[in-house]
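# Coordinate inspection notes
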Amino acid sequence: MRCSAWTLLALVVLVAAAPATRPGIAEQSRSLLADWKPRLDAARFQYTISGPFVIAGDGTLAQLAGYRDRTILAAARALNASFFKNEPAEPILILLFEDEAAYRRLCKEWLNDDDVPHYGFFRPRVHIMVMNVGTGTGTLVHELTHALMAPDFPNVPDWFNEGLASLYEQCSLEGDTIRGHENWRLCDLQVAIKANRLRPLTELVKDPKFYAREHLGLNYAQARYVMFYLQEKGLLKDFYSRFRDNAARDPTGIETLQTLLEPQPLDQFEREWRKWVTSLRFEG
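Here goes a summary of the coordinates provided.

Another aspect to go through is the nonpolar core. Note on soluble globular proteins: their nonpolar side chains tend to be buried together. Membership of the largest hydrophobic core comes to 65 residues, with the highest contact counts inside it found for Phe160 and Trp273. The biggest single contributor to this core is helix α9 (residues 216-232), with 9 residues. Excluding its chain neighbours within four sequence positions, the residues that come into contact with tryptophan 273 are Leu189, Ile193, Leu198, Gln222, Tyr225, Val226 and Tyr229. Leu33, Ala56, Trp110 and Phe121 belong to the second largest nonpolar core, which has 20 residues in total.

In structure tokens form, the structure reads like this:
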């Protein structure tokens, strides 16, 4: 087939105007590590790349490998198998500190943040997780849940985002299965229920100010143990997928939850949930 000069010119214009192909996650991860390498080397950090994760820590190579294999990759595999269908499009930098002093000092130096949470945090806009792993790895799985949920459910409301992440602060991993267990948040929740100080579930779910100090500790506990109850009833995976897929119509998730529970009314569900919560025990 012959092409005229005008046809060739049009093809050249189209090729020039076409958007550049976005680099793959592996290439992005290598680029991210290269950007951070001078700082990491100066602080004598060990580092590795695995999947969408650039993992760096100030412990030994053996410690870093343990966090990578037994916590990060194991939890990511189970969370993706259980809930998430959309993987991160950009790499996630995970910084692991073995003690609080270095954690606070380098958060100030590297991130210009001198008021960081005690255990760790995730910054979704810049795809960075920072952990004080000297306190344990529960918060690591908590923040990893946030990081993996972000691309799969970008408009997730705070109550559900924190409820699911908090569920895995105390968890077990086996193959593609992750399971939350009772944890330290239980005691305050039981006290509030017995004293009739816990607000109704519908109020929690519809409140746009989840992080307000007035209810913050109980908000986390209430949301977590709703997730725990749904897990124990075999409903959590179904609720997540339905909620994510219907969030444009039901942004709080309350209608989706009610539909999932039918024919049980929501108020009956909450009465049973409160009774169940008071029967739990945490030996920690």
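Turning next to the pattern of salt bridges. Under the defined criterion, the tally for this structure stands at 17 salt bridges. With its nearest N and O atoms 2.7 Å apart, the salt bridge here joins arginine 185 to glutamate 169. With arginine 185 in the loop between β7 (177-180) and α7 (186-194) and glutamate 169 in the loop between α6 (158-167) and β6 (171-174), this residue pair connects regions lying 16 residues apart in the sequence. The same class applies to arginine 185 and to glutamate 169, which are both buried. Through salt bridges with shared partners, a single network forms among Lys85, Asp152, Arg244 and Asp245.

Here we come to the sheet that holds strand β5 (residues 128-132). The strand order β1-β2-β3-β5-β4 describes an open sheet built from 5 strands, whose pairing is mixed. Because the sheet does not close on itself, it has two edges, and the strands there are β1 (46-50) and β4 (120-123). Ignoring which end each strand starts from, the neighbouring axes of this sheet average 10° apart. Bridge analysis of β4 against β5 gives 4 bridges, and the strand direction is antiparallel. The residue of β5 that forms the bridge with phenylalanine 122 is methionine 129. Against the sheet, helix α2 (residues 25-42) touches β1, β2 (53-57), β3 (92-97) and β5, its axis set at about 175° to β1. Docked against the sheet, helix α4 (residues 100-111) engages β3, β4 and β5, running at close to 155° with respect to β5.

About the thresholds
Residues numbered from 1 in each chain as written. Predicted model: local features only at pLDDT ≥ 70, side-chain atom pairs only at ≥ 80, totals over all residues. Heavy atoms only, no water. Core = buried A, V, L, I, M, F, W, Y, C linked by side-chain atoms within 4.5 Å. Buried < 20%, exposed > 50% of the residue type's maximum accessible area, 1.4 Å probe, protein only. Helix = DSSP H or I, 4+ residues; strand = E, 2+ residues; numbered from the N terminus. Contact = heavy atoms within 4.5 Å. Salt bridge = Lys/Arg side-chain N within 4 Å of Asp/Glu carboxyl O. Pairing = 2+ DSSP bridges. Axes fitted to C-alpha atoms, helices over the stretch in contact; angles between N-to-C directions.

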